[in-house]
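One-letter residues, chain by chain:
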Amino acid sequence: MSNTLSRSAAKQLIEFIFNSNYKMSPFGEGVFNSKEEALSFVNSAKYDENEPLNVVFDCKKGNYWDGAQMSFDGVLWYMEDHGMGGKCSDGKTIQEALVNFRLKHDPSCQYYPEELKLK
């Protein structure tokens, strides 16, 4: 599994996520308020390809969100929850990796990710 996200792949991810109901955050930080803020971060010296961006989503519990790190090895996109859930998924596209990640979770769990919706 890849643990990196190149600047180019990060920009692709940002474009995709900001056209969905999901959000993004830098490693260990709060969510970006806009696509421009996310792109500015990725283009800055602060961005570290070895600390991939997180995709953030609301959960079934309501008024609660969670996230997982997204990386890309040049062929497959990977999503990995480093928290207590520890779920992982991959896909040939960003969308496939996100959908597969949700499918790895128990739909009856209160931390079940909300369904990905594209704008």
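Here, the structure is the one placed above.
This structure is a prediction, so every number in the text was calculated from the model and none was measured. (Residues numbered from 1 in each chain as written. Predicted model: local features only at pLDDT ≥ 70, side-chain atom pairs only at ≥ 80, totals over all residues. Heavy atoms only, no water.)

Topic: the pattern of salt bridges
- Taken as a whole and judged by the stated rule, the model has one salt bridge.
- Put simply, Glu-15 and Lys-35 hold a salt bridge, and the shortest N to O gap is 3.1 Å. On the criterion of sequence distance, the pair formed by Glu-15 in helix α1 (residues 7-17) and Lys-35 in helix α2 (residues 35-42) is long-range, its members being 20 residues apart.
- Residue Glu-15 is classed as partly exposed on the basis of its relative accessible area of 34%. (Salt bridge = Lys/Arg side-chain N within 4 Å of Asp/Glu carboxyl O. Helix = DSSP H or I, 4+ residues; strand = E, 2+ residues; numbered from the N terminus. Buried < 20%, exposed > 50% of the residue type's maximum accessible area, 1.4 Å probe, protein only.)

Quick notes on the pairing of strand β2 (residues 54-58)
- Along β2, four of the five residues are buried, which leaves the element largely enclosed by surrounding structure.
- Note: β2 against strand β3 (residues 65-72), five bridges, orientation antiparallel. What sits directly across from Phe-57, in β3, is Asp-66.
- Counted along the chain from β2 to the antiparallel partner β3, the turn is six residues long, and its residue Gly-62 has a positive phi close to 85°. (Pairing = 2+ DSSP bridges.)

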